[in-house]
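For reference, the chains in residue letters:
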Amino acid sequence: MRQSVSGNPPAGALYFAGIDIGSTMTKVVLTDEHSNLLAVVKGPTGPEHRRLANEVMRQALEHAGLSIGDISYIVATGYGRLNVPFADRQITELSCHARGVSSLFPKVRTAIDIGGQDAKCMRIANGRLVDFVMNDRCAAGTGRFLEVTAATLGIKLEDMGAMSLRATRRIKISSMCTIFAQQEVVALLSQGEQPENVLAGLHDALASRVAALARRLGIEPDVVLTGGVAKNIGMVKAMRQSLGVEVLVPEEPLITGALGAAILAKEAYARAAAAGETLPAKSRRLEEATFFSQEQP
Amino acid sequence: MTDRSTGLARVGEIYSNRSQRARELKAQGKKIIGYPCVYVPLEMLTALGLVPYQTCGDMKEPVTEADRALPGSFCPVMRSCLDCALKNKNNFLDGMVTIHSCDPQEKTCRVWESYTNYPYFHFIDMPISVRPEALEYFRNQLGDLKKTLEAFTGKKLSVDALEAAIKSHNRQRTLVKELYELTKPSPPRISGTEMVQVLKALVSLPVEEGNDLLTECISEVKNRTAGPQKKAARLLIWSSTLDDTDVVQVLEDKANVVMNESCGGIRAYRAAVKFTSDPLKSLADYYLNEITCARTFRQATLGETKKDYARDLQSRFGYLKGVVKQWNINGAILLLVRYCDPFAFEMPSLRDYFESLGVPSTYIEYNYTVGALAPLRTRVEAFLETIG
């Protein structure tokens, strides 16, 4: 679906953007009026949300051959959504994920997103969010749990899932607190347990924690898993086992929030146009939105 | 007192400096008695010329001192209350009346007593059931409170004085409800944030001063032209304690909070004490039966062979039905302060009850710190997006 736009965009064409500032990664999706993806850019969030929001947006625009003034409507989401000065509207990541996931999987009823600092379970009906539960009481049940473990074991985060699949037996990790679980991991390794087996146990522990959260909502297929953790094949397998149902994963599980934001931007624009409301001015200037600037351009 | 500000301006001053009036009264020779919870019968203190002062927690103050005595995974409200006490923020108190409204409070109050040195300290053993035997027991507990208060003040608690105090406190309940009438219009005439400030001012003042302040506020709000703007939803918040404006502002950013069903809201003011020949029994009946905190067991079908969930829900949450209708509520937020077990266990049934009333609801848990309100904002906004 990705296409490159070169030269000036055709007159009258409409473009939409979704920007998702998560705790770990910032994602931007640019689409045309048919929700075809024109650009997808990801970058680490870092400490300065505003500066990075500008930078990833600039990269996305460059890739699509557009300027900020060509974008008809921009929706910001994620926990840094309030720090996007050039956005027309902020919508929570829950609604955006629900919309993004259901555009990719029209039959989805349950979406689970495991990000860097929280896990979200969403009930979806007719493409919309209808109910949700979130965990962010601590690092347990989030991507951070795996990050900390990877650091403890001195292995790469992206290798963990595949390693866990090579387990010869599944260890039970009884502590759900991230710190206590690390202590348990260290103790197991010192007893000579294979790292692969320990990793399998950790994936099971994380999956059972998220599955318990999802059961509070009720699990109805189709179930879709998104977020950075969905890139981990070991987690996808562990989630399938914990939930007892098939778990679908989008090709690019990091961008469903930004994609949903772009689709909601298009819908908000269409609603405003139909109602004859004032549409966002196209004169927004990306460059002036600095980290320290409080004014809305 | 002649050149003081009035109405909501005065409320704002008291909210940002709660203990100021208590300290003034103390300097004038009054005795100030702290209490941690709305279950303490303030009428008995007022009747003896004592000034009741609610010892609230402070969400803006990181808990440090209370760590000496209470574990981290413990009611953060009680941790914060004790922390303030251990930091000498309540050093004007002459005593405390504490009560077994929930286990964390009972345990905390024992620690409180042993770590502080107030001239007076009393604990009321409050039963958890609304059955007749419980009422009798609670009435006798109030008899014990009378005994120790009389010994502390050197005065007799007369029936006349107690009835006069009940009248003053009942008047306060009526005035609070009158103020809540002003959240019925759309947009409401007074915001949920302002309401929290008013109610927090009341628990910082002697009852008659509170009544005067309420009268001023009612007149001011009725006559002002500026007021809250109409927002996307009219919310009811159900919680244990909701008495900090920072939290309410997060809730009110994109909605109108028109009903605060918490101990920082209408809970202590909904009903009134009914007069009987025994004022202590009247008080026992009011505090045990009329204040609808989750700590009290109200199952309608107790002892019956046939279970009836709908009737049970009605006996536990029936008071909300009229509120939903009269205040035109279109969303309910069940807001749990972390680790509050009595309220947590009510949430699934309460969501069922709201569903039976056709009101969408959500259950949100939050940390009792103002530094950690971002997740609360996301959940509230997501909920508003589902009902919008």
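Model, not experiment: these values are computed from the prediction.

1. Thoughts on the overall build of chain B
- Within chain B, the regular secondary structure consists of 16 helices and eight strands.
- Here the C-alpha radius of gyration of chain B, 20 Å, is about what a compact globule of 388 residues would show, namely 21 Å.
- Structurally, chain B occupies a C-alpha span of about 60 × 60 × 45 Å along its principal axes.
- Counting the 388 residues in chain B, one finds 46% classified as buried.
- When contacts within chain B are restricted to residue pairs at least 6 apart in sequence, long-range pairs at least 24 apart make up 71% of them.

2. Re the interface of chain B and chain A
- Tallying the contact residues gives eight residues for chain B and 11 residues for chain A.
- Of the residues that constitute the side of chain B that touches chain A, the class distribution is three nonpolar, two polar and three charged.

3. Some words on the domain arrangement of chain A
All names here are of chain A.
- When cut into domains, chain A gives domain 1 (15-96 + 256-288) and domain 2 (107-248).
- Each of domain 1 and domain 2 has a C-alpha centre, and the two are 29 Å apart.
- Taken together, the residues of the side of domain 1 that touches domain 2 break down into two nonpolar, five polar and no charged.

4. Quick look at the environment of L357 of chain B
- For L357 of chain B, the location among the structural elements is in the loop between α15 (347-356) and β8 (361-366).
- Between the C-alpha atoms of L357 of chain B and V324 of chain B, which are 33 residues apart in sequence, the distance is 8.1 Å.

5. Section: the sheet that holds strand β7 (residues 331-337) of chain B
Residues and elements named next belong to chain B.
- One open sheet accounts for four strands, arranged β6-β5-β7-β8; its pairing is parallel. Taken across any chain shown, the strands that pair with only one partner, and hence form the sheet edges, are β6 (256-261) and β8. Between one strand and the next, the sheet's axes are offset by a mean angle of 25°, whatever the strand orientation.
- Examined bridge by bridge, strand β5 (residues 234-239) and β6 share five bridges and lie parallel to one another. Each bridged residue has a counterpart across the sheet, and for L236 the counterpart in β6 is M259.

6. Considerations on the pairing of β7 of chain B
Residues and elements named next belong to chain B.
- With six of its seven residues buried, β7 lies for the most part within the structure.
- The pairing of β5 with β7 spans five bridges and is classified as parallel. Across the sheet, the residue bridging to I237 is I333, located in β7.
- Sheet topology note: the β7/β8 ladder contains six bridges and is parallel. Looking across to β8, one finds that I333 is bridged to T362.

7. A look at the pairing of strand β1 (residues 15-21) of chain A
All names here are of chain A.
- Across the seven residues of β1, seven count as buried, placing the element largely inside the fold.
- Of the two faces of β1, the one carrying Y15, A17, I19 and I21 and the one carrying F16, G18 and D20 are both buried.
- Between the antiparallel neighbours β1 and strand β2 (residues 25-32) lie three residues.

8. Concerning the confidence of the model for chain B
- Overall, the prediction assigns chain B a mean pLDDT of 95, with 99% of residues at 70 or greater.
- Per the prediction output, this complex has pTM 0.90; the corresponding ipTM is 0.83.

9. Some thoughts on α15 of chain B
All names here are of chain B.
- Burial in α15 covers these residues: L350, Y353 and F354. Take α15 and look down its axis: the buried residues cluster within an arc of 100°, on one side only. For α15, the exposed residues set more than 90 degrees away from the buried face come down to P348 and E355.
- Of the surrounding elements, those touching the buried residues of α15 are β5, α12 (309-317), β7 and β8.
- Immediately downstream of α15, the backbone of G358 shows phi near 75°, a positive value.

10. Describing the packing of helix α5 (residues 178-190) of chain A against helix α6 (residues 195-217) of chain A
Residues and elements named next belong to chain A.
- Here α5 crosses α6 at 155°, and the two axes come no closer than 10 Å. For the element pair α5 / α6, the angle class is roughly antiparallel. Relative to α6, the crossing made by α5 is right-handed. On the side of α5, the interface is formed by A181, V185, L188 and L189, while α6 contributes P195, V198, L202 and A205.
- Of the residues belonging to the contact of α5 with α6, the class tally is eight nonpolar, no polar and no charged.

11. Brief notes about the domain arrangement of chain B
All names here are of chain B.
- Split by domain assignment, chain B resolves into domain 1 (7-162) and domain 2 (171-387).
- Its C-alpha centre places domain 1 at a distance of 22 Å from the equivalent point of domain 2.
- With 42 residues of domain 1 in contact, the opposing surface of domain 2 contributes 45 residues.
- For the side of domain 1 that touches domain 2, the elements supplying multiple residues, two or more each, are α1 (7-16), α2 (20-27), α3 (42-47), β2 (51-54), α4 (76-86), α6 (132-153) and α7 (159-181).

12. Considerations on the sheet that holds strand β7 (residues 119-125) of chain A
Residues and elements named next belong to chain A.
- Ordered by their spatial adjacency, five strands build an open sheet running β8-β7-β6-β9-β10, and the pairing between neighbours is mixed. The open sheet is flanked by β8 (128-135) and β10 (247-248), the only strands paired with a single partner.
- Pairing between strand β9 (residues 223-226) and β10: two bridges, direction parallel. Bridging across to β10, V223 finds its partner in V247.
- Against the sheet, α6 makes contact with β6 (110-114), β7 and β8, and its axis sits at roughly 30° relative to β7, the strand it touches most.

13. Here we look at the environment of Y180 of chain B
Residue and element names in this part refer to chain B.
- Mapped onto the secondary structure, Y180 falls in helix α7.
- Judged by the 23 C-beta atoms lying within 10 Å of it, Y180 falls in the buried class.
- Linking Y180 and I266, residues 86 residues apart in sequence, is a C-alpha distance of 8.3 Å.

Rules and cut-offs
- Residues numbered from 1 in each chain as written.
- Chains lettered and ligands numbered in written order.
- Predicted model: local features only at pLDDT ≥ 70, side-chain atom pairs only at ≥ 80, totals over all residues.
- Helix = DSSP H or I, 4+ residues; strand = E, 2+ residues; numbered from the N terminus.
- Rg over C-alpha atoms; globule rule 2.2 N^0.38 Å.
- Buried ≥ 20, exposed ≤ 12 C-beta atoms within 10 Å, placed from the backbone.
- Contact = placed C-beta atoms within 7 Å.
- Nonpolar A, V, L, I, M, F, W, Y, C, P; charged D, E, K, R; others polar.
- Domains from an automatic or database assignment.
- Pairing = 2+ DSSP bridges.
- Axes fitted to C-alpha atoms, helices over the stretch in contact; angles between N-to-C directions.
- pLDDT = per-residue confidence, 0-100.
- Arc of directions from axis to C-beta.
- Parallel < 35°, antiparallel > 145°, perpendicular 65-115°, else oblique.
- Left-handed = near helix turned anticlockwise from the far one by under 90°.

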